[in-house]
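If you want the building blocks of each chain, they are given just below.
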Amino acid sequence: MNYKAIADKKVGELKDKEHISILAIESSCDETAAAVLDNREILSNVIASQIDIHKRYGGVVPEIASRNHSLAISNVVKEALLRSGKSFEDIDAIAVTQGAGLLGALLVGVSYAKALAYSLSLPLIAVNHIKGHIAVNYVACSDLKPPYICLIASGGHTAIARVKSYTDMEIIGETQDDACGEAFDKVARALGMSYPGGPEIEKLAKDGQPIIEMPIPFKNQDTFNFSYSGIKTAVINYIHNKEQKGEPYNKADVACSFQQRAVELMVNNAVRAAKKYRLDTIVIAGGVGANATLREYMQRECDKADIRAVYPPVGLCTDNAVMIASMAYNMIRSGTESSDIDLDADANIQPTD
Ligand code: KG4
Ligand code: ZN
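Summary of the structure given here. All figures in this text were calculated on a predicted structure; none of them were measured in a lab.

The rules behind each value
Residues numbered from 1 in each chain as written. Chains lettered and ligands numbered in written order. Predicted model: local features only at pLDDT ≥ 70, side-chain atom pairs only at ≥ 80, totals over all residues. Heavy atoms only, no water. Helix = DSSP H or I, 4+ residues; strand = E, 2+ residues; numbered from the N terminus. Rg over C-alpha atoms; globule rule 2.2 N^0.38 Å. Buried < 20%, exposed > 50% of the residue type's maximum accessible area, 1.4 Å probe, protein only. Pairing = 2+ DSSP bridges. Axes fitted to C-alpha atoms, helices over the stretch in contact; angles between N-to-C directions. Near = heavy atom within 4 Å. Polar contact = N/O pair within 3.5 Å; in protein donor to acceptor, adjacent residues only side chain to side chain. Areas by Shrake-Rupley, 256 points an atom, 1.4 Å probe, with all protein chains shown as cover. Expected span 1.5 Å × (residues − 1). Salt bridge = Lys/Arg side-chain N within 4 Å of Asp/Glu carboxyl O.

## A closer look at the overall build of the chain
Each helix and strand counted, the chain has 11 helices and 10 strands in total. Since a compact globule built from 353 residues should have a radius of gyration of about 20 Å, the 21 Å found for the chain is in line with a globular shape. Once the C-alpha set of the chain is aligned to its principal axes, its extents read approximately 70 × 45 × 30 Å. In the chain, which comprises 353 residues, the share counted as buried stands at 54%.

## Considering the sheet that holds strand β6 (residues 148-153)
Where strands meet in a sheet, backbone hydrogen bonds hold them as pairs that are either parallel or antiparallel. Here we have 5 strands laid out as an open sheet, ordered β8-β7-β6-β9-β10, and mixed in their pairing. Because the sheet does not close on itself, it has two edges, and the strands there are β8 (169-174) and β10 (308-310). The average angle at which neighbouring strand axes cross in this sheet is 25°, direction not considered. Where β6 lies against strand β9 (residues 281-285), 4 bridges are found, and the strand directions are parallel.

## Regarding the site of ligand 1
Close contacts around ligand 1 come from 20 residues, with His-133, Gly-155, Asp-185, Glu-202 and Gly-287 the closest. Between ligand 1 and Asn-291, the relevant distance is 3.0 Å, taken from a nitrogen atom to a side-chain nitrogen or oxygen of the residue. Interatomic distance of 3.2 Å between a side-chain N/O atom of Asp-319 and an oxygen atom of ligand 1. Here ligand 1, which alone exposes 560 Å², has 88% of that area covered by the protein.

## As for helix α4 (residues 103-120)
In an α-helix, one turn spans 3.6 residues; hence positions three or four apart end up facing the same way. Along its 18 residues, α4 runs 25 Å from first to last C-alpha, staying within 8% of the 26 Å computed at 1.5 Å per residue. Positive phi shows up at Ser-121, right after α4, with a value of about 50°.

## With respect to the pattern of salt bridges
Summed over all chains, the structure comprises 16 salt bridges. Two residues, Lys-9 and Glu-13, come together in a salt bridge whose shortest N-O distance is 3.1 Å. Remark: Glu-13 and Lys-9 occur in helix α1 (residues 3-14); sequence separation between them is 4 residues, near one turn of the helix. Put simply, Asp-178, Glu-182, Lys-186 and Lys-232 are held in one network by salt bridges that share partners.

If you want it as structure tokens, here you go:
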């Protein structure tokens with residue numbers, strides 16, 4: 001039998017197995033990550049971050065990211081296995097992020113996962129990164145079940161999804177320009193702060209007031225879409241204006257005003273969507289979900305509307321491999337096939353693919 005036939009037979013047998021051990025790899029951006037899960041239980045979660053390397057350049061440099069993934073991946077996977085207390089013989093499937101992300105970075109994870117799956121004759125599960133961000137919520141919240149509304153808020157995506165099952169969803173609104181995380185990063189840079197900007201803005205905003213006027217995109221329009229470039233431009237214009245006039249300005253107020261509007265847009269869209277589709281749960285997914293103001297405002301608005309708000313622990317909001325294992329688990333339980341050994345990374349895969 002060839003690899004695909006063996007892997008498909010094995011993945012079919014896993015569907016009803018009581019315990020599935022998944023080794024997952026994530027390398028889509030600037031974290032090299034590996035994790036081992038027994039069903040939804042985290043046995044290990046290793047993340048080698050390159051943030052300090054990319055900080056020098058003010059953002060992720062794709063070539064440098066790929067090179068550092070290549071250097072780190074072997075040790076990260078070994079460490080994840082070691083910490084899990086398992087050996088390769090105990091693993092039932094290999095999961096890997098197929099996309100979206102930086103092509104060169106993704107290729108490191110995909111190539112490594114393919115080699116592992118082939119040499120161990122294990123099923124290879126290709127996971128959509130955004131679906132992974134959503135699926136990490138099943139690890140954090142054991143009674144979470146579809147359907148629900150999901151706010152996807154990462155560095156590359158901002159969208160409202162109607163999650164219909166463990167593997168299927170529909171995007172009902174998305175950003176027409178910048179992603180929210182991207183806007184956080186750009187505003188931080190305009191304020192002279194380092195990459196990644198989200199946590200920096202959050203820290204600075206604590207000392208500020210939301211007193212600077214920010215635009216409201218799609219005001220009074222019946223849409224779940226987002227726009228972040230107008231808010232970002234308003235911030236940049238404000239800063240330039242003050243600098244040109246030589247007037248002092250309060251950076252904390254700028255950060256606070258931007259963050260306040262950014263959060264309001266996300267929460268308002270998500271709550272309106274939950275009401276429209278009569279769904280009683282809103283789930284937050286993606287790196288921006290680590291933001292405390294977003295979590296607090298979402299909680300407050302959900303409480304008012306009798307909606308349950310679910311978000312992962314802060315450490316599982318940004319990129320990790322636990323989320324990839326959790327999505328692979330959904331796929332295996334839903335009867336997925338194994339990928340073949342010619343699996344390719346897909347930098348532009350859509351959240352619903
Ligand atoms: O989901 P993620 O780790 O990577 C992508 O899939 O893009 O998201 C990274 C993004 C970055 O733009 C980062 O600035 C933002 O999430 N982020 C935050 C916070 N922590 C990370 N944004 C706002 N507040 C935070 N605390
Ligand atoms: Zn991500």
